[in-house]
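Report on the structure
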Amino acid sequence: QVQLVESGGGLVQPGGSLNLSCVATGIHYRYNMAWYRQAPGESREEVASITADGDTYYAAFVEGRFTISGGGAENALYLRMNNLQPEDTAVYYCHAYYQSRIPWVADNPRYEYWGQGTQVTVSA
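What this report covers is the structure whose coordinates are included nearby. What you are looking at is a predicted structure, and each value in this text was computed from that prediction instead of being measured. (Residues numbered from 1 in each chain as written. Predicted model: local features only at pLDDT ≥ 70, side-chain atom pairs only at ≥ 80, totals over all residues. Heavy atoms only, no water.)

With respect to the secondary-structure elements, Thr118 resides in strand 11 (residues 118-122). Every residue in contact with Thr118, bar those within four places of it in the chain, is listed here: Glu6, Ser7, Gly8, Gly9, Leu20, Ala90, Val91 and Tyr92. (Helix = DSSP H or I, 4+ residues; strand = E, 2+ residues; numbered from the N terminus. Contact = heavy atoms within 4.5 Å.)

Moving on: the nonpolar core. In terms of nonpolar packing, the biggest core is built from 29 residues, with Met33, Trp35, Leu79, Met81 and Tyr92 touching the most fellow members. Put simply, the parts of the chain that give this core at least two residues each are strand 3 (18-25), strand 4 (32-38), strand 5 (45-50), strand 7 (66-71), strand 8 (76-81), strand 9 (90-99) and strand 11. A per-element tally of this core places strand 9 first, with five residues. Setting aside residues no more than four positions away along its own chain, Met81 makes contact with Gly16, Ser17, Leu18, Asn19, Leu20, Arg65, Phe66, Tyr92 and Val120. (Core = buried A, V, L, I, M, F, W, Y, C linked by side-chain atoms within 4.5 Å. Buried < 20%, exposed > 50% of the residue type's maximum accessible area, 1.4 Å probe, protein only.)

Turning our attention to the pairing of strand 11. Judged by which residues are buried, strand 11 turns out to be one-sided: Thr118, Val120 and Val122 face inward and are buried, whereas Gln119 and Thr121, on the alternate face, are not. Relative to strand 11, strand 9 is paired through three bridges, and the arrangement is antiparallel. Looking at strand 11, one finds that Tyr92 is bridged to Thr118. (Pairing = 2+ DSSP bridges.)

Our focus in this paragraph is the pattern of salt bridges. Applying the stated rule across the entire model yields five salt bridges. Residues Asp53 and Arg30 are paired through a salt bridge, measuring 3.4 Å at the closest nitrogen-oxygen approach. Placement of the pair is Asp53 in the loop between strand 5 and strand 6 (56-58) and Arg30 in the loop between strand 3 and strand 4, with a sequence separation of 23 residues. Given the relative accessible area of 61%, Asp53 is considered exposed. Residue class for Arg30 comes out partly exposed when judged on its relative accessible area of 29%. Residues Asp88 and Arg37 are paired through a salt bridge, measuring 2.9 Å at the closest nitrogen-oxygen approach. Of the two residues, Asp88 is situated in the loop between strand 8 and strand 9 and Arg37 in strand 4; the sequence distance between them amounts to 51 residues. Taking relative accessible area as the criterion, Arg37 reaches 6% and is therefore assigned buried. The network of salt bridges with shared partners includes Arg37, Glu45, Arg65 and Asp88. (Salt bridge = Lys/Arg side-chain N within 4 Å of Asp/Glu carboxyl O.)

This part takes up the packing of aromatic side chains. Counting across every chain of the model gives four aromatic pairs. A network of ring pairs unites the aromatic residues Tyr31, Tyr98, Tyr111 and Tyr113 as a single cluster. The ring of Tyr93 is capped by Arg44, whose NZ or CZ atom sits 3.8 Å from the centre of that ring. Positioned above the aromatic ring of Trp114 is the side chain of Arg44, whose terminal nitrogen or guanidinium carbon lies 4.7 Å from the ring centre. (Phe/Tyr/Trp six-rings, centres within 6.5 Å; stacked < 30°, edge-to-face > 60°. Lys NZ or Arg CZ within 6 Å of the ring centre and 35° of its normal.)

Here the phi dihedral of Asn75 falls at roughly 55 degrees; this positive angle occurs in a residue that is not glycine. With respect to the helices and strands, Asn75 occurs in the loop between strand 7 and strand 8. At Asn83, a residue that is not glycine, the phi angle is positive and equals roughly 50 degrees. Residue position: Asn83 is located in the loop between strand 8 and strand 9.

Next comes the structure, spelled out in structure tokens:
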């Protein structure tokens, strides 16, 4: 059974830093992983992602402040956040995705999992 558990959230002042961690069980090295966030009254949005090949992507609002690392091969995902602002306040979620590629199967299944989230609050 796949399980994703986030940690590292908390209260930080504007301009401060925070490191988020996600421990994964039951996944393998071919999983793509990502950090999402959701603020009250807002839809969930992707913050950053890392593919099974190690390629990273960031949302425009990150503006060079965050760094994603880890992945399925490490059974862990990390997000190092600097220069945090009040608008970064949200619940941050760990996400893992895998698309099966069995040659003799017409419709390969896909697997997608979410963590329970960790609260990040940026306030003076």
